[in-house]
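Take a look at the letters that make up each chain.
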Amino acid sequence: MKVIVDLCVVPMGVGVSVRKYVTECQKVLQEAGLHHQLHAYGTNIEGEWDDVFAAVKQCHERVHAMGAPRITTSIKVGTRTDREQSMQDKIDSVARK
């Protein structure tokens, strides 16, 4: 099943800047070959359900391995059965209005 996810991984107990942790999660998504788009407060990801959620798990594993004792993650998930839709399709449908 195809899924579009809005992911925000927040390491806790690592200080104010989380740039290196976000960068590591971006590497995970790139290595997984998932289409993704960073935005100001998270990352949009599209792909097959199992692939996307395996990458989310790997983000947690890598961020913990970097020394973050805690992580809080917000995830919004969207699926459709009536037709396929990409992140760009969603953006384009609003831009046409």
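The model shown is predicted, which means the values in this text are computed figures rather than measured ones.

Q: Just to check I follow, could you spell out the environment of Ala32 for this structure?
A: Note on placement: Ala32 falls in helix α1 (residues 19-32). Between the C-alpha atom of Ala32 and that of Val3, which follows or precedes it by 29 residues, the distance is 15 Å.

Q: Is there a simple way to explain the packing of α1 against helix α2 (residues 49-65) in this structure?
A: Packed helix pairs are characterised by how far apart their axes lie and by the angle those axes make with each other. Relative to each other, α1 and α2 sit at 140°, their axes nearing to 9 Å. Judged by the angle between their axes, α1 and α2 are oblique. Where α1 crosses over α2, the two elements pack in a sense that is right-handed. The residues of α2 that touch α1, namely those facing Tyr21, Glu24, Cys25, Lys27, Val28, Leu29, Glu31 and Ala32, are Ala55, Gln58, Cys59, Arg62 and Val63. For the contact of α1 with α2, a count of residues per class yields eight nonpolar, one polar and four charged.

Q: Please explain the pattern of salt bridges as it appears in this structure.
A: Where charged atoms from two side chains of opposite charge come close, those side chains can pair. Per the stated rule, a full pass over the model turns up six salt bridges. Here Lys76 ties to Asp6 by a salt bridge, and the two come within 3.8 Å at their closest N and O atoms. A residue pair is termed long-range when its members are at least 10 positions apart, and Lys76 in strand β4 (residues 70-78) and Asp6 in strand β1 (residues 2-12) qualify at 70 residues. A relative accessible area of 58% places Lys76 in the exposed class. In this structure, Glu24 engages Lys27 in a salt bridge whose closest nitrogen and oxygen atoms are separated by 3.9 Å. Highlighted residues: Glu24 and Lys27, both in helix α1, separated by three residues, approximately one helical turn. The partly exposed category is assigned to Lys27, whose relative accessible area is 40%.

Thresholds, definitions, all that
Residues numbered from 1 in each chain as written. Predicted model: local features only at pLDDT ≥ 70, side-chain atom pairs only at ≥ 80, totals over all residues. Heavy atoms only, no water. Helix = DSSP H or I, 4+ residues; strand = E, 2+ residues; numbered from the N terminus. Axes fitted to C-alpha atoms, helices over the stretch in contact; angles between N-to-C directions. Parallel < 35°, antiparallel > 145°, perpendicular 65-115°, else oblique. Left-handed = near helix turned anticlockwise from the far one by under 90°. Contact = heavy atoms within 4.5 Å. Nonpolar A, V, L, I, M, F, W, Y, C, P; charged D, E, K, R; others polar. Salt bridge = Lys/Arg side-chain N within 4 Å of Asp/Glu carboxyl O. Buried < 20%, exposed > 50% of the residue type's maximum accessible area, 1.4 Å probe, protein only.

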